[in-house]
Amino acid sequence: MMLFLNVLLLLVGFVALIKGADFFVDGSSSLAKIFKVPGVIIGLTIVALGTSLPELAVSTSAALRGANEIAVSNVTGSNIFNILCVLGFCSLFHRVPVNSIILKRDFPVSIAVSLVALFASCSRVIFSGKLFGLKMADNAGLVSRWLGILLLVLFVSYIFCLIYDAKKNPVSEEETSKVYSLPKSILLIIIGVAMIIAGGQAVVNSARFIARTFGMTETLIGLTVVAIGTSLPELVTSIVAARKGEVDLAVGNVVGSNIFNLLFILGVSSTIHPVTVNAASVYDFGIMIIISILAWVFSITNKSVRRAEGIFMILTYAAITVFAILR
């Protein structure tokens, strides 16, 4: 009976995510037009923050409980899912052009932040060569409270950079979506965020119950079920945005969410409670950096993510998931 109820809750969560994402994209796009802010900036800030709220809730609560495996693997797993699956599935519906600002600023920032977080927390194990002698569950490093504060400072600096750039370079974009009044735009965003959070939590909680019913470990749940569940808002929001023609919003949402996850969510989690990093998470960090560089190279080469590359990304994610299950 409980299994049936959780499957039902999973379906309800999906419906809430889809409708919430629809409202959120409409409200955010309208807000961008009202303030003459590029859609890419809205994607990198409002949409990215809203769709990252499930990750924030899961990682902070995991940090408070001392469940470090979930706190770290949720961030790395979500970022891997965002790059490979969100961009991959968006490209199946519509060729996804990549804004030059994202290519020059935000992709490099995402990769640089990943490297900073990895080496600042695990440099001793990595440079000593001891990593390959550790078991997957062994302690390999620590995201200290001071590193968490540094990540939050970098996060605030990044946001100020975005706002300054948007005010310095206001643009008049072609109207590709309906413009609502300011109160209605804000209301749509609030309703969308509420539905996204509720839907994301419903999906995560029900999926965790179903996963445990089938005997999955807590670490594997954090990297796969929880990471995928909390990234569903990014997936649904970006696909809806791509289908509506808001391609800048779709790509900005993915890259922005990854930066938010690394700087804000990992920063908040480790500031609340220092987060230990096991050997498995070090490998996940490495995979995340490699696929980020790969996606960046794809984008630079073609100035877009095409269907063939999207299929390759989705298959790569499937291979990474198999590796996570078998290790």
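Keep in mind it's a predicted model, so treat the numbers as computed, not measured.

Run through the side chain of S121, naming residues and quoting values.
Here S121 shows up in helix α4 (residues 100-128). The class for S121 is buried, based on a relative accessible area of 9%. For S121, the side chain forms a polar contact with the main-chain oxygen of A117, separated by 2.6 Å. Aside from chain neighbours lying at most four places away, what touches S121 is A140, G141, L142, V143, L147 and V277.

Now, about the packing of helix α1 (residues 2-34) against helix α6 (residues 182-213): what can you tell me, with residues and values included?
For any two helices packed against each other, the geometry comes down to the angle between their axes and how far apart the axes lie. Put simply, α1 and α6 touch, their axes get as near as 6 Å, and they point 155 degrees apart. The angle between α1 and α6 places the two elements in the roughly antiparallel class. Considering how the two elements wind past one another, α1 and α6 form a crossing that is left-handed. Looking at the contact of α1 with α6 residue by residue, the class counts come to 26 nonpolar, twelve polar and two charged.

Let's hear about the packing of aromatic side chains: which residues, and what values?
Evaluated as defined, the whole model comprises five aromatic pairs. Here the aromatic residues F155, F260 and F264 are joined through ring pairs into a cluster of three or more.

What counts and how
- Residues numbered from 1 in each chain as written.
- Predicted model: local features only at pLDDT ≥ 70, side-chain atom pairs only at ≥ 80, totals over all residues.
- Heavy atoms only, no water.
- Helix = DSSP H or I, 4+ residues; strand = E, 2+ residues; numbered from the N terminus.
- Buried < 20%, exposed > 50% of the residue type's maximum accessible area, 1.4 Å probe, protein only.
- Polar contact = N/O pair within 3.5 Å; in protein donor to acceptor, adjacent residues only side chain to side chain.
- Contact = heavy atoms within 4.5 Å.
- Axes fitted to C-alpha atoms, helices over the stretch in contact; angles between N-to-C directions.
- Parallel < 35°, antiparallel > 145°, perpendicular 65-115°, else oblique.
- Left-handed = near helix turned anticlockwise from the far one by under 90°.
- Nonpolar A, V, L, I, M, F, W, Y, C, P; charged D, E, K, R; others polar.
- Phe/Tyr/Trp six-rings, centres within 6.5 Å; stacked < 30°, edge-to-face > 60°.

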